[in-house]
Structures are given as C-alpha cells and as structure tokens.
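One-letter residues, chain by chain:
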Amino acid sequence: MMLILLIMLLFVGGLLVWLADRARLADARWLTLILLGCGLGLLLFGYANAGSVEVVGRQWYLGYHIPWIQRFGINLTLAVDGLGFVMVLLTLFLGLVAVLSSWREIEHSRGFFHFNLLWTLAGVVGVFTALDLFLFFVFWEVMLVPMYFIIAIWGHENRTYAALKFFIFTQASGLLMLLAIVGLVYYQYQASGILTFNYFVLLDTPLTAQVGYWLMLGFFIAFAVKLPAVLVHSWLPDAHTQAPTAGSVILAGVLLKTGAYGIIRFVVPLFPEASAQFASLAMALGVGSIIYGAALAFAQTDLKRLIAYTSISHMGFVLLGVYAGNEEGLQGAVMTMLAHGMTSAALFAFAGAIQQRIHTRDMRQMGGFWTRAPRLGAWVLFFSVAALGMPGLANFVGEFLVLIGAFKANAWITVAACAGLILAPVYSLLVIQKVFHGEPQPERQLTDAGTREVVMLGMMAVITVVLGLFPHLILDLVSGGLSLLPPDAPVSGDLSVGLGLLQEPIN
Amino acid sequence: MNQIELIALSPVLFVTASAVGLMLLAAFKVKPIVLNGFTLLGLVATLAAMLWADNLAPVQVTPLLIVDRFALFYSALIVLAGMVVTLLSGRYLHSLGLHVVQPGRQAHLSAEYYVLLLTAVLGAMVLVCSRHFAALFLGLELLGVSLYVLVAYLAPLSEQRAASLEAGMKYLILSGVASAILLFGVALLYAEFGTLEYSRLGEIWSVSGSHNSKIVVAGLALLLSGICFKLSLVPFHMWTPDVYEGAPVTVTALVATVSKGAVFALLLRLVFETGAFSSSAIMSVMAVIAIASMLIGNLLALLQRNVKRILAYSSIAHIGYLLVVLLAGANRQTAIDLINEAAGFYLVAYFVMTLGAFGVISVLSRAGNACDQDQLAEYRGLFWRAPGMALILTAMLLSLAGIPLTVGFIGKFYVVVVGVQAMMWLLLGALVLGSAIGLFYYLRFVVVMFMPAERESAKTEPRFVAPGDRLVLSALLVLLLWLGVFPDPLVRFIQSTTLGWF
C-alpha cells in the first residue's frame, strides 16, 4: 500500500506543484522539497513497520497487488526487496539533491519544471518496485517523457538534439524489450495456459536455449542502452551535457541505475542459462566501457562531458560485477551503483554550480579557482577522490568487491578492468588541476559555495563516508536474495504461497 | 423487406433521411448554426437507431447488406467520428467570414458541406455493412464522390485556396482509376466463381482449392490494389500528402478516419469471409506492402515541414501497423477473435488520436485563410501561448508515437501481441524500426511547441478557442488517457462484436 501511495504522491504532487505555481500560490521548489521529504518519510515509516513475505528465496516488503488490465492478466503488482528499497531510497534522496542543485538555475516556468522532475521520479520509483512486466515497461517509458521535456526545454545550447537522441535510443531499445516481454509471456502461456505478466510466474517459464537467448538479448539491449554499455552509449554524453543540472543529477544518479537494476532483477533471473552463456561477452563489454569511458573522459575539455564519460566507465564496473555471477560481484555492483549515484550527482551539481557562475563549461577557460572558492574546491576534491576509488569511501568498496568477484569468474578480463583503476585518478585529478589549480583567470568572477550547496554536498559526502566505513549496512540489506537463482533453484514450491500473500496488501 | 430488416437498416436510413432533410432545409435561408445542429441531430438519431438495431443483429438485409454487431460497431465509430468533425466544422467554416466571394450565399454553401459530410458517412456505413461486391462498390463510390467535392470545397469560396482544387482533382482522378482497377478485379473473380457474395465466394473457393489459379490471383491482386489505394498503403500512397494538405483540415480529419476506417473494416470482413489471404502469393505481397508502409511512411514523414503532410505519412505507417494484425489472422495461426479485437482497438485508438490532432489544427486555423495553420514553424512556442491546445496536441502525438498511458500504446501493444503469436518476426522488426523513426518527427513536432515563442508568430495566436471546440477536444483527451489506462471495458465491448465468420 505504501508504495502505491508513494507513487501517487509523486504523480499527484507533480500536478499540484504545477497548478500551485501557475496560480502563484506557493514556491514550486519548496513544495517539491516538502513532497519529496514526505515521500522519504512515508517510505522509511512503511519499511520500518512492514511485514515481509518470502517469494523465490527473497524477502519482499510493502507489497501491493490489484488487477489492472484483466484481458491480458496484467496486475498492479508492486513490492520491494532490499535492493528495490535501497534504490527507491536513492531515487528520493537524489530528487532532493536535484531540486537543491537547480535552485537558482531554473528561471522560467518553474512549476512545469518541477512537475516534470516529480513525474520522472515517480516513473523511476515505479521501475524499481514493479513486479509485473507490463507495469514495469509502462513505468520504464513514463520516466522518459518528462525527462525528455526537462532536457528539451531547460537544457543548454544543443538541447533539442540531445533530448531527441536520448529519447530515441531508449524508446527504440525499449520496444525490443516489449517484444521480448510479450514473447516470454506467450511462451509461458503456451506452456501453462496462464496469461500473466507476473514476474514470479514468468521466472518459471520453460524456454529452449535458443529462444531464451534471443529473449534475453531483447531485455539486455534495452538495459545496456540505459546503463550505458559501450557501443550503445552515444546518447549519454550529449544528454548529460545538455541537460540542466537537476536533469544531469537525476540522469547520472538514478536513471542509469535503472539499467543495472533491470539486469539484476530481470535479465539474469529470467534467463539464467542464457545469461551464463552470455556472461563473458557482457563482462568484456563492461571492461570495454571502463577503459573507453576513462580514455574519452581524459580527452574532454567540456566539464560536464568529462563527468558524463566517467559515468560510462563506472557503470562498466557494474556490468562486470553483475555478470561475474557470484555474491561478491553482485554486492560490489550494487555498492558501486549507490556510490556512483552520490559522486556523479555531486560532481554534476558542482559542474552546474560552476556553469551558473561563469557561464561556460569549457575547462580551458577555468583555472585557479581554489583561491576564490576554497570551500567549493574542498568538496569537489573530496568527491573526485571518492570517484577515483580511495579506500574508506563507498566507491572503493564497490569496485573492490566487483574486482574480487570478477577475478573468480574470469581472471584475464579482470586484469584488463584493473586498468580502469589507474585511469580513474588521471581524469579525476585532471578536473582538480584544470579547474582549481593553475593561473587564476582574472576576468572570471566566482563566488564560493553557499549554505545551500554546502548542505547538499555535505549530505552526500556523509553518505559516501558512512557507506565506505560500514558497507554492511547496505550489503546486509541487499544480500540474501542477490545471490541469483541458480538454474535449479526450487521456485515453484513457495511461489503460490508467496503470490497468495501478495494478493493482500501486506501492511 | 419486412419490419425486422427495416429496423436493422434504420441507422443507414436515418443518415440518408438526414441528408435529404438537410437539402430541403437549405432551400430556406437558415443560419449555419441551424444546419450544423441539424446534422448533429441526424447523427445522434442514427446512433440511437443503432441501439435499436443492435437488439436484432445479425440481420441480412437484401443480398447486399448485413447488419451484425461488427457492422454496427464500426458504423458507430464512423458516426461518432462524423459527429466530432461536424462539431469542429461549425466554427471552422464560420471563420470563412469576410473572405466569402458572394456574402449572401454563405449559408447555402455550408449546407452542401454538411450534406456531403452525411453522404460520406452513409457511404462508409454501407461499406462496413456490405456482404456483396455491389454494395462494396456502391459504398466506396458514395464515400469517394462525397470526399472529392469536400476536399475541393473551399476552392470556389476562398480565392486563395487554389491548393484545395488541385487536391480535389488529384483525388478524383487517382481514385477513379483505383475504382476501375478494383472493378476489374471483381469482374475477374466473378468470372472464376460466378458469385459476388463474399461468403459464397469463400465457400466455392475453399471447396475448389484453386488457391493459386492465375485468374483468381490476378483478380485478388487488382481488388486489393484498389483497397490499398483507399488505405493509402505504400506504393499506392502518392495522393495522400497532397490531399491531406490541400483539403480543409476538417475534411482531412474525415478522410483520415471515416474513409480509412471504413475501408479497413471492409477489408477485415472481406479477407475473413473470402479467405483472400490464403493464397501465399497474395500473403507475401501484402506482407511486403505492410513493411514498406511502416518504413517508407515513417521515413518520408521525416522530410516534411508541413504538419498535415507529417500526419499524412504517419497515417500511412499506422495503417501499415494495422495490416500486421490482419496478416497475422490470415495465416490461420491466431484466433479470429483476437484479430478482430486487436484491429477494433487499434482503429478506435487511431480515430481518437487522429481526430484529436486534426481537431487542434482546425481550432488554430481559419477556413478563410489561404491555408490552414499547417507549417511546423507556426507551432513554435504554442505551449506558452495556448497551453491547453498544446497539451492536447502533445498527448495526441505521444499517443501516435505509442507512449504508455495513452490509447495508442495499448493499440501498439495489441499489434505486438498478435505479431508475436503469429511469429511474424520480420514484420515486428519493421514495426520497431518504423516506430523508432516515427518518434523522431512526432517529438520534433512536440519540441517545437515548447520552444520559446518568437515575436512574429504571436500574431497567429488564437484569440479565443470556442467553448464547444474546447469541450470536444478535452473529451478526446480524456478518452485518450482513459482508454490508455483502463482499456478493459472497450476490450470487452469489442469482443462482443466478433462474428461467427466460419
């Protein structure tokens, strides 16, 4: 019940914010902050009081289940396990960061902007909680449209092109996923006579190796575009660079994670054999992303574009960890997702702050900012060091676990991936050197970080440190079920029980 | 003709009576609003008569027509579309105002418009009720002749609308040729089978087993060419953009919905009653046509700067998607019920979004101007000037692009479901590719509306959107979202319209 309330809160709240802004009743920014705060409270309160139900060896909380389109056996099935919960938490938190980071940036039609922001977040929360494949697909697309508007209306100089590219890449690959979903449902229907899009039932679908492989590819391509893996990444640098700061924060911090989440939640459990077969190719793609992203980041002069390429590199670790196929790899992947959510959001917020102050993202026109803005510099140094994988911070835990996991699976690929650890300091410190050191540019006026920015960056820094020092806070939450189902896992036994319990709203 | 047959036929008779009544009414000097109201009244009465006829269906009326739930469903759809077009036409034609050549004749001229609108609806209804090639031809010509005149309707009224006349002539000549080809095809089929009834023809054919007899294949090919022309499928699509562009925008809406919807419903009945697609040669040709329509329709739309032409090419692609449904049914692997359901749902979706899109264009246009507001550049910044209209148009375009929570997505979902069941991966691949290309021009249109307005375009700002128009368009928007989120009731309704075809 809590989840549907949360999603409705974001959808309806978005409309309210828009209307309130049009009627000049309230400041859209404060209203959005309050709404997101309520959402966070609702989630934590619900989670603390939730009963759980065990299905396919995982604990599910906050379940909700009502029929939706009965013609196709489609239900509104929502529930989170530890992984989903963490992801929703991240989404809402970065929503707050996004609002704070664009506080002064959005000058026209603030109401419509925050409407789009809230609807994007609602779509993302839906993606992280939907356990009906049709519903999942609906949310997957719903989060695109408002994000498209955010980039296309409030973005920078080349926004139309970037927004269009972002939308077409995701939507076209999404259609492939739709084909795969319908195909999977059809095979299940042929085998059992049950027409359903329920995740738990579809886990059990008998597939021949060839069919499974093709269907798996349909899902994988959609998620790989979103992740993004190298070869299908070309939308990312444009979209991230052109988006307004809040858009970049949400894109890098949250939207990329939906791709990784999709692989963990759907691709591997639904198609275990095909995934095992595909694993070395996927790991190679991951390594390709790590090295390619890092190398291209090094070559950029545009600050946001540089950070965008580092995202490709970091998400390569996630791909590597997921397909390592063991507990360490997966836990590392999840930890990297969270850590990257924090650092990339912080760095994009910083890039936005700089651009707002000096109206350029070109690093060749920056330099010597440390003397003018020491507070800002210190925070950015912290997040750059976090991003390059300093032990004691969250990113290190994530990447280290990924490498341990991947080494067990495929030593040579892991050796290549380690090159990423060398390249990361190069591009991270490059930012510090070019922006903060060197000759001061006398004509550039720069004010130091204000209270709002310090609070925002401080919150993220605290989380990065806490996750780095006490990774078990998260690892315990997401483990247990993250060990993916081995192909012979007993699924059917407790399936009906679990589904029966999910019929009732649990709390 | 007994009483039952009369009742069953009453919807068709009501439309006919309204058309005749309107002609009589035009003899008096009445205001345009009276004519508009009378037309609406006639269409409402027709809808009411359908409820009456529905109790008796199915009834065969003469050897030519059959009134079953299938026919009634599509008739209702056509009449509803006719009502929307009538509602939108009122203000649009009224805005002709000062530009009329002979000021005194305005009312009479708009009477002709409504008469022709009613006869077009009549023709479309005859088409969906037909069970005999003679009725098919009657309906097709009734629809066609009404539309030729409607397309060119504004040409004599407003000297500036020369493109209208060109469009009308083009449509007349090409459509005439297509009709001739269709007739020749029918003649060949008659020569082979000796009957003009669809079901009888189907029986003889399945017994004789002459699936690839040269005369039959040639006859079917000619027949289907004529039908593909009306549906503007590639490669018979050349007329579409010109006619869409030249016609007054309300007539364009009529051509896009009533004409294509009726012909598609007819094609459904024809294919399943005659088994026309059981010939493998015909099947492969139609599959190629479907793929070409999906890809070429979407590709050509990319090059356009005129929104009516964009929507013309988009409609070509959409009928291509619909053809996938039909092909899936034809290879007999998929249940007829599902085909009927998918096609019915897709057509409802297509009607809603097409009427909505053209509706917004009509609200922004004036019949008296040299052309409708159809340049993409004129839509720049619409959202900041007229947010309501821009949002409705955005929703319609997103639905055409197949984004979830709109009816267009459920329609596309149906196509995918049917395609997967029939394992037509090539056609589905073309669908995915076509949709991806389609996104480009739909989104470009959307983004133009959200760009900052330029000062010079401020003059095209609608001073006032009539409450009636606002109501109609809002109703379409609500329908678009409602059916997109809760499709079940409509699905159940369409399921009840399936025929025992076999």
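Up top you'll find the structure we're talking about.
Residues numbered from 1 in each chain as written. Chains lettered and ligands numbered in written order. Predicted model: local features only at pLDDT ≥ 70, side-chain atom pairs only at ≥ 80, totals over all residues.

1. Re the sheet that holds strand β2 (residues 58–69) of chain A
All names here are of chain A.
- With antiparallel pairing, the 3 strands of this open sheet are ordered in space as β1-β2-β3. In the strand order of this sheet, the two ends are held by β1 (52–55) and β3 (74–80), each with one partner. Strand-to-strand twist of the sheet, defined as the mean angle between neighbouring strand axes without regard to direction, takes the value 50 degrees.
- Where β1 and β2 come together, 4 bridges link them in antiparallel fashion. Bridge pairing in β2 places valine 55 opposite arginine 58. (Pairing = 2+ DSSP bridges. Helix = DSSP H or I, 4+ residues; strand = E, 2+ residues; numbered from the N terminus. Axes fitted to C-alpha atoms, helices over the stretch in contact; angles between N-to-C directions.)

2. With respect to the interface of chain B and chain A
- On the chain A side, the residues contacting the 20 residues of chain B number 24 residues.
- No other element matches helix α17 (residues 425–450) of chain B, which puts 9 residues into the side of chain B that touches chain A.
- Partitioning the side of chain B that touches chain A into residue classes produces 17 nonpolar, 2 polar and 1 charged. (Contact = placed C-beta atoms within 7 Å. Nonpolar A, V, L, I, M, F, W, Y, C, P; charged D, E, K, R; others polar.)

3. Focus: the environment of asparagine 395 of chain A
- With respect to the helices and strands, asparagine 395 of chain A occurs in helix α17 (residues 394–409).
- Taking C-alpha positions, asparagine 395 of chain A is 8.5 Å from threonine 343 of chain A, a pair spaced 52 residues apart along the chain.

4. What about helix α19 (residues 488–495) of chain B?
All names here are of chain B.
- Within α19, burial applies to Leu490, Val491 and Ile494. Seen along its axis, α19 keeps its buried residues to an arc of 100 degrees; they face one direction. Of the exposed residues in α19, those oriented more than 90 degrees away from the buried face are Pro489 and Arg492.
- Against α3 (69–94), α13 (336–364) and α18 (467–485) lie the buried residues of α19. (Buried ≥ 20, exposed ≤ 12 C-beta atoms within 10 Å, placed from the backbone. Arc of directions from axis to C-beta.)

5. Structural notes on the pairing of β2 of chain A
All names here are of chain A.
- Among the 12 residues in β2, 9 count as buried, and that is most of the element.
- Pairing geometry for β2 and β3, over 6 bridges, is antiparallel. Along β3, the bridge assignment pairs tyrosine 61 with valine 80.
- Hairpin connection from β2 to β3: 4 residues lie between these consecutive antiparallel strands, with glycine 73 at a positive phi of about 65 degrees.

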